[in-house]
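Structural overview
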Amino acid sequence: MLLTGQILKRRAASTVRGRVPVLLLVALLLGLAVPARADDLDDARKLLLTGKYPEAIAAAEKGAKEEEGSEDWRILLVQAHMVVGQYQQAHTALTNALSRYPHSSSIRLRFLGRDVKLFNGLPEEAKELLDEINRLAGSRSWAYRDPANLTVLGRAALLLGADPKMVLDKLFEPVKKAAPDLRDIHLATGQLALDKGDFPLAAKIFEDALKRFKEDADLQFGLARALMSGSRPQALRALETALDLNPKHIPAKLLLADHLVDAEEYEEAETLLKEILAVNVRQPEAWAYRAVMAHLRNEPAKETQCRNDALRHYTNNPAVDHLIGRKLSQKYRFAEGAAYQRRALKFDASYLPAKFQLAQDLLRLGAEEEGWKLVNDVHEADGYDVNAYNLVTLRDTTEKFVALTNAHFILRMESREAKVYGPRVLALLTRAHDTLTQKYGVKLEQQTIVEIFTEQKDFGVRTFGMPDNPGFLGVCFGRLITANSPASARGHASNWEATLWHEFCHVITLTLTKNKMPRWLSEGISVYEERQASPAWGQVMNPRYREMILGDELTAVGDLSGAFLTPKSPLHLQFAYYESSLVVQFIVEKFGMAKLRAILADLAAGKEINAILASNTEPLEKLEEDFEKYAQSLAKQLAPGLDFEKPKGIAGLMAMPGLATPEGTVPLPPATPLGPDGKPLVDPLKLHPKNFYILNQQARRLMSEKKFAEAKAPLLKLVENYPTQIGGDSALWLLAQVHRELKETTEERAVLTKLAALDADSVDAYQRLIELAAESKDWPVVAENARRYLAVNPLVPQPHRWLARASEELKRPAEAIAAYQTVLLLDPPDPAEMHFRLAKLLTASDAKAARQHILLALEDAPRFREAHELLLKLSPDPAKGKPQF
C-alpha cells in the first residue's frame, strides 16, 4: 500500500478535479515576503497558549483598543472567546473588526470568522466568508504576500476544494522554507497529513516543529494524534507534555478522554469531560463523548440530550454524529455507528470522514455493495486519503479471491490457497460452529464471512485501514473474520486452526451480546475456548506468567480492558489475553457455565459489565480478591518441585558471560562463590539443585560440549517436575535432541509424543515423529502428525505427502487421493511419482482419470517402468473395450 507521499507523486501529473480557487491561482504567482515579528503580542499569545484564557481575553481587549490598526490583537481576541465557548462575544468581536478599516479586507479574520459563524448558527454567512476570501485573493493579491496570509490562503483553498498537492507544493512548503519560525505553517502541514490519514508523515512534521517550538502544547497535541493509532504509549506521553504546558488544553483532554473511553475507564473519562466543560460549557465534542457513554450505558434519553447539547450552537455540525458513530464502531457497535454516520451525512453529504467510516461499517456488517461504492466515492472525491486509497487498491486483490461456501460460511481466499487447504478451513470452521453454537445456545441467522490474506499488508488494510499489522493473526468484527494466511508468517509459524477457532468464538459471543461486549471478556472467552477445544491450543501458565502473577502484575478485573490498550511490552499484551482467559475459567469453575451465559445475556440487555459480574457472581471487590487468590494458586502449582527464583549477582557461569535461559540472559545467584579469576568455585547446580534457570543452563552447556549422556540428568529433572513446558527451548524438546544424539529412538519418540500433544506450533517435533513412525510403519501416528503439521503450514508438500502415504496404508483412498492432488499443486520435486500413486488409487473408481495421471507421469519420466506396466493394464481390451485388469 502507498502512503500520502507516494500517492502525491502519482497524482502530480493528473488534472486537478473541479474548480481551482482564484486565491490559489493568485497565490501561486506571489513571491514571499517575510514580515516583521510582532513581539509585543508574545506575552498575550503565551497567555492563550498556556490556558490563561480570561487573562488572554483581557489582554486582547486592551491591545485592540490601544492599537486599532492591529489585526493580530483582534484575531487573538476572537480566538480566546472561541476557546472558552463565548461564541456570541466572538461574533461581536469579529463583526466589529471586519467593519473597521483596515480590517475590512482581512482574510485571516474571515478564515477565523468561518468557525465563529458556524458556532453561531449562521452557516450561509460562514460560506460567504470563505467565498469572500476567494474574491479578495483575486482582487487584492498584493495585500496577502506575507507568510501568515499565504498560510491562510492555503487552508482556505483546501476548504474550497483545491488539489492538496498543489497547496502543499506551491504554498505550504515555500512558506515553511521562507518562514520556518511561523508556527502556523507547521500546524497547517501537520493537520493536512492527519486529514489524509498519513500518520507517520504527520508525526515527523510535528516532531520537527517541536525542535523549534519546544514548549508548544498545540504541537504536542498534534504529535499525540499522529501517534495514537500506532504507538499509544508515546501518544499518551505527548498528551501529558501538552497538558503540562497548558493544563486547560481542550483538544488534548478530549483525546485523553477518547483513550479512556477505549479503555472502558468511563468514570475517569467523565472527570476529564467535566474539566473541559468547566472551561467551555458548550464544547461540542465533550457533549458528544457524553452521548457515546450514555449509549454504552443504555441510557437513550441522556444520549439524546447530550447529542442535542453538542449541536446546540453549530446545529448541523457533521463532526458530532461522526464522532459518536466512530466511537460506537470502535466498540464493535457497527450498526449503531453506521446510523450515526448517516445522520452526519444528512447534515453534509460531502463530509468525507463520515462517508468513509460508513463504508468501513458496512463492509464489516457484510453490506459490501454499498460499502465498496462509498469507498470508491471517497477515493474519487479525495485521491490523497491514504485509507481510502489503500482499500481501493486492496479491492483489486480481493476481487481475485475465490469463494468456498456451505450453509454457515462464506470463505474467501487466494485461488491457489483455496485449492490447497480451503476445504480444511471450511471443515474446521464447521466443527467450531457446531461445537460453540450448541455450547452457548445460539443460532446464527447469517453466514459468517471469513477472508484469509496471503500478504500481511493486505490483512492490515482490510482490518485496520493501514498496511501495518500490529501482530494480529486474525480479527473478528461480528459477522466478518479477517485472518492472515500461513504464507504471511514472518519468522514464527502459528496454528491457523487455533486462530480461526478463537475468532469464530468471537462471532458467537458478539452475536449473543449484540456486540455489547468489553474486550477483555471477549478475548478471555475465546482463549478459554481454545483450551477447551485442544490441550495444545490457547495460552497456558509459564514461568514468566507465574512471575507476573506472584509479582503483583495482575490487573484488576474491572480494569482489564485497559490492559490491552497500553501494555508495557508485547509480553504484557499477551499476558492480558491470558489473564482474561483465567478470569473466564475462574467464573466457569466457581459459578458454572450457566452464569457465564447469563453474563452474556445481561450484556445484550445493555447492562454495565461490572454490575453484571456482581449480580451473577459476587460483589466485584470480592470477585477480584478471589480471582487473585485463584490465579496465584495456579501460578504456585506450576512445577512446585522447582525453584523459580531468578538468579541475581555476578554474571558468568564457568567461562560463559551469563546464564542463557529461555527467558534471556540472567546473572548467577548471589550465593555462588567466585575464585580470583571470577569463575565459580562450586558448581552452581550443587548450590541450587532445583533452580529452573540453572538446570536449563547446565543442560545447554553440556549439550554444547556434546556431553549428551550427562545432559540427560538436568533435563530429566526438569521434565519430571515441569512436564508441560512447550516451545523450542523446552526441556522436552532438548531431551528429545539428547535422545536422538544417543540413538535412543524409543525414548526420543516417547518424549516427542508428549511435546506434540502439548504444542500446537511445533512443526519440527511433528516432522521428526512422522519420520520415526514411518520407519516403524506406524501409519496412524504418521497421519496424526501430518495433520498437526498441516494445521500450522499447509503450503508445503511434505505433510500432504505423508498424509497421502499414511492414508494409502490405512485404506482411506479418498483422503489419499485428495492429499496427492494437493501435493501436485505445491510443485513437488517428483511429480511423476505423485501422478503414478494417484493413478493406482483411481484405477478401481475412475479408469479414465487414472489413465490421464499415468500419462502425465510418463510425460515427466518416460522410463518409469511401473508406470508403463500400469498403463498397459489401463489400456482397453480390444475384445471387450474395457481396461485389462
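Up top is the structure these notes are about.
Being a predicted model, the structure only gives us computed values, none of them experimental.

Our focus in this paragraph is the overall build of the chain. A count of helices and strands for the chain gives 45 helices and seven strands. Across the 885 residues that make up the chain, the buried fraction comes to 54%. A separation threshold of at least 6 residues defines the contact pool for the chain, and within that pool the share at least 24 residues apart is 60%. Of the roughly 39200 Å² of accessible surface on the chain, 52% is carried by carbon and sulfur atoms.

To continue, consider the side chain of Glu 497. Topologically, Glu 497 is positioned in helix 26 (residues 496-513). Lacking a salt bridge, the buried Glu 497 has Arg 431 as its closest oppositely charged neighbour, with an N-O distance of 4.7 Å. Beyond its immediate stretch of four places on either side in the chain, Glu 497 contacts Leu 428, Trp 537 and Ala 791.

A separate point is helix 28 (residues 543-550). In terms of residue burial, helix 28 counts as a mostly covered element, since six of its eight residues are buried. If you check the start of helix 28, you find a side-chain oxygen 3.0 Å away from the backbone N of Arg 544, and it comes from Asn 542. Following helix 28 by one or two positions, Asp 552 has its phi on the positive side, about 70 degrees.

Not every positive phi belongs to a glycine, and Glu 264 is a case in point at roughly 60 degrees. Locating Glu 264 in the fold gives a position in the loop between helix 15 (250-262) and helix 16 (266-279). One non-glycine residue with positive phi stands out, namely Lys 777, at about 55 degrees. The residue Lys 777 is located in the loop between helix 39 (763-775) and helix 40 (779-790) in this model.

A few words on the pairing of strand 1 (residues 402-405). Relative to strand 2 (residues 409-413), strand 1 is paired through four bridges, and the arrangement is antiparallel. Within strand 2, the position partnered with Ala 403 by the bridge is Arg 412. Counting the residues in the hairpin turn of strand 1 and strand 2 gives three residues.

On the surface, a cluster of negative charge is contributed by Asp 40, Asp 42, Asp 43 and Glu 67. Examined against the element boundaries, Asp 40 turns out to sit in the loop between helix 2 (22-29) and helix 3 (42-49). Its relative accessible area of 44% is what places Asp 40 among the partly exposed residues.

The next thing to look at is the sheet that holds strand 5 (residues 480-484). Strand order in the open sheet formed by five strands is 1-2-3-5-4, with mixed pairing between adjacent strands. Every interior strand has two partners, whereas the edge strands, strand 1 and strand 4 (474-476), have only one. Neighbour-to-neighbour, the strand axes of this sheet turn through a mean angle of 15 degrees, independent of strand direction.

Empty space within the second largest pocket amounts to approximately 550 Å³. As for the second largest pocket, its lining consists of 29 residues, of which Glu 264, Tyr 266, Glu 608, Ile 609 and Asn 610 are closest to the centre. Contributions of two or more residues to the lining of the second largest pocket are made by helix 16, helix 17 (284-296), helix 29 (560-563), helix 32 (609-616) and helix 33 (620-637). Looking at the lining of the second largest pocket, the element that brings in the most residues is helix 16, giving four residues.

For the structure shown, the criterion picks out 56 salt bridges. Close ionic contact of Glu 299 with Arg 297 constitutes a salt bridge, the shortest N to O distance being 3.4 Å. Under the relative-accessibility criterion, Arg 297 is labelled partly exposed at 31%. The salt bridge partner of Glu 815 is Arg 787, with a shortest N-O separation of 2.9 Å. Of the two residues, Glu 815 sits in helix 42 (residues 813-825) while Arg 787 sits in helix 40, which places them 28 residues apart along the sequence. Taking the relative accessible area as the measure of exposure, Glu 815 reaches 24% and is therefore partly exposed. The class of Arg 787 is partly exposed, set by a relative accessible area of 30%. Connected through shared salt-bridge partners, Arg 232, Asp 258, Asp 262, Arg 326 and Lys 327 make up one network.

Okay, the nonpolar core next. Leu 500 and Leu 521 are the most contacted members of the largest nonpolar core, which totals 107 residues. Ranked by residues supplied to this core, first place goes to helix 30 (residues 570-591) with 11 residues. Leave out the neighbours within four places in its chain, and Leu 521 touches Val 584, Leu 596, Ile 599, Leu 600, Leu 603 and Ile 609. Core analysis: the second largest hydrophobic core is formed by 57 residues, Leu 94, Trp 287, Ala 291 and Leu 311 among them.

On to the packing of aromatic side chains, then. Counted by the stated rule, this structure contains 23 aromatic pairs. Between Phe 464 and Phe 472, the ring centres sit 5.4 Å apart and the planes meet at 45 degrees, which makes this aromatic pair tilted. Among the aromatic residues, ring-to-ring pairing joins Phe 586, Phe 591, Phe 627 and Tyr 630 into one connected group.

Bringing the pairing of strand 3 (residues 448-453) into the picture now. The element strand 3 is largely enclosed, with a buried count of six among its six residues. Residue alternation in strand 3 divides its side chains into two sets, Thr 448, Val 450 and Ile 452 and Ile 449, Glu 451 and Phe 453, and both sets are buried. Strand direction decides the pairing type here: strand 2 and strand 3, joined by four bridges, are parallel. Among the inter-strand pairings, Ile 410 is bridged to a residue of strand 3, identified as Ile 449. Traced from strand 2 through helix 24 (residues 415-440) to strand 3, the parallel crossover comes out left-handed. Bridging between strand 3 and strand 5 involves five bridges; their strand directions are parallel. Bridging from a neighbouring strand, Phe 453 pairs with Asn 484 of strand 5.

Definitions and cut-offs
Residues numbered from 1 in each chain as written. Predicted model: local features only at pLDDT ≥ 70, side-chain atom pairs only at ≥ 80, totals over all residues. Heavy atoms only, no water. Helix = DSSP H or I, 4+ residues; strand = E, 2+ residues; numbered from the N terminus. Buried < 20%, exposed > 50% of the residue type's maximum accessible area, 1.4 Å probe, protein only. Contact = heavy atoms within 4.5 Å. Areas by Shrake-Rupley, 256 points an atom, 1.4 Å probe, with all protein chains shown as cover. Lys, Arg positive; Asp, Glu negative; His and termini not counted. Salt bridge = Lys/Arg side-chain N within 4 Å of Asp/Glu carboxyl O. Polar contact = N/O pair within 3.5 Å; in protein donor to acceptor, adjacent residues only side chain to side chain. Pairing = 2+ DSSP bridges. Patch = residues over 30% accessible without salt bridge, like charges linked within 9 Å, V, L, I, M, F, W, Y side chains within 5 Å. Charge placed at Lys NZ, Arg CZ, Asp CG, Glu CD. Axes fitted to C-alpha atoms, helices over the stretch in contact; angles between N-to-C directions. 1 Å grid on protein atoms, 1.4 Å probe; cavity = no way out; pocket = protein on both sides within 12 Å on 5 of 7 lines; lining within 4 Å. Points joined across faces, edges and corners; volume = space filled by probe spheres on them. Core = buried A, V, L, I, M, F, W, Y, C linked by side-chain atoms within 4.5 Å. Phe/Tyr/Trp six-rings, centres within 6.5 Å; stacked < 30°, edge-to-face > 60°. Right-handed = clockwise from strand over helix to strand, strands pointing away.

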